[in-house]
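# Structural overview
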Amino acid sequence: MNIFLDYKTDIALLLARLVLGVLFFMQAYDKIFGLGLKRTEEGAEEALERTKLPHGLIRFFTALTAFLELGGGILLIAGLYIYPALTLLSVDLLFVVFAMSLKEPMWDMRFVWPRLVLLLLLLMAPQQWDRISFDHLLQIYENHPGIING
C-alpha cells in the first residue's frame, strides 16, 4: 500500500498529462484526418465570416492550431519535452479562445475549460514531480551519464 502512496503525485500528474495529451491529440486527429484540414479550415472561415479577418489568416491559424494540438498531444502522451509542449498548447488555447470570442462573445467553454485546468495544473507542478516520463529518464541520464554504460 505504501508504494501507491509514495507515487501518488507521479500517478496524478501522469493521469493529467495523458488525459490532456489524448484530448489535444484526438481533437487534432479529427481536424486533420477525420474531417480533413480543408473542411476544418472552411468551417472556421464560415464561423468567423462576420469578423472581417482575412481568409488566409483564418486558414493559417486553423492549420497551425491543428498541428500544434497534434504534436503537443503526442509529446504529452510520450512524456517528452513536456514543458515546451505545454507552452505551445497554451498558445494554441489562446488562439482558440480569441477566435471563439470573435465569433460569439459569450460562448460555451465546456470544451476549453477542462484543457485550461489541466494545462494550468501541469504548468504549475514542479518538474521533479513528474517522474513517470521520458523527460525524467533523460534528466537522470544527463545527471549521471555513466548509469547506462556502467
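You'll find the structure just up there.
Rules of the game
- Residues numbered from 1 in each chain as written.
- Predicted model: local features only at pLDDT ≥ 70, side-chain atom pairs only at ≥ 80, totals over all residues.
- Heavy atoms only, no water.
- Helix = DSSP H or I, 4+ residues; strand = E, 2+ residues; numbered from the N terminus.
- Buried < 20%, exposed > 50% of the residue type's maximum accessible area, 1.4 Å probe, protein only.
- Contact = heavy atoms within 4.5 Å.
- Areas by Shrake-Rupley, 256 points an atom, 1.4 Å probe, with all protein chains shown as cover.
- Patch = residues over 30% accessible without salt bridge, like charges linked within 9 Å, V, L, I, M, F, W, Y side chains within 5 Å.
- Salt bridge = Lys/Arg side-chain N within 4 Å of Asp/Glu carboxyl O.
- Axes fitted to C-alpha atoms, helices over the stretch in contact; angles between N-to-C directions.
- Left-handed = near helix turned anticlockwise from the far one by under 90°.
- Nonpolar A, V, L, I, M, F, W, Y, C, P; charged D, E, K, R; others polar.
- Parallel < 35°, antiparallel > 145°, perpendicular 65-115°, else oblique.
- Phe/Tyr/Trp six-rings, centres within 6.5 Å; stacked < 30°, edge-to-face > 60°.
- Lys NZ or Arg CZ within 6 Å of the ring centre and 35° of its normal.

## What to know about the overall build of the chain
When you go through the chain residue by residue, the secondary structure sums to eight helices and zero strands. Listed by position from the N terminus, the elements making up the chain come as α-α-α-α-α-α-α-α. Oriented by its inertia axes, the alpha-carbon framework of the chain measures out at about 60 × 30 × 25 Å. The proportion of buried residues among the 150 residues of the chain is 31%. Within the chain, counting contacts between residues at least 6 apart in sequence, those at least 24 apart form 73% of the total. When the accessible surface of the chain is summed, it comes to about 9,700 Å², and 70% of that surface belongs to carbon and sulfur atoms.

## Here's the deal with a nonpolar patch on the surface
A cluster of nonpolar residues, Ile3, Phe4, Tyr7, Ile11 and Ile132, forms a patch on the protein surface that exposes about 490 Å² of accessible area. Relative to the elements of secondary structure, Ile132 occurs in the loop between helix H6 (113–124) and helix H7 (134–143). A relative accessible area of 36% places Ile132 in the partly exposed class.

## Digging into the packing of helix H2 (residues 8–34) against helix H4 (residues 55–78)
It is the contact of H2 with H4, at a shortest axis distance of 7 Å, that shows an interaxial angle of 145 degrees. When you trace H2 past H4, the crossing you get is left-handed. Across the contact of H2 with H4, the residue classes break down as 16 nonpolar, four polar and three charged.

## Quick notes on the packing of H2 against H6
Running from amino to carboxyl end, H2 crosses H6 at an angle of 135 degrees, the nearest separation of the two axes being 10 Å. The orientation of H2 with respect to H6, classified from their angle, is oblique. Crossing geometry of H2 relative to H6 is assigned as left-handed. Of the residues in H6, those in contact with Leu13, Ala16, Arg17, Val19, Leu20, Leu23, Phe24 and Gln27 of H2 are Arg115, Leu118, Leu119, Leu121 and Leu122. Of the residues in the contact of H2 with H6, the class split is 10 nonpolar, one polar and two charged.

## With respect to the packing of aromatic side chains
Two descriptors summarise a pair of aromatic rings, namely the distance from one centre to the other and the angle between the planes of the rings. Inspection of the entire model under this criterion finds four aromatic pairs. On the basis of an interplanar angle of 75 degrees and a centroid distance of 5.1 Å, the ring pair of Phe60 and Phe61 is categorised as edge-to-face. For Phe61, a relative accessible area of 27% gives the class partly exposed. Lying over the aromatic face of Phe24, Arg115 brings its terminal NZ or CZ to 5.6 Å of the ring centre.

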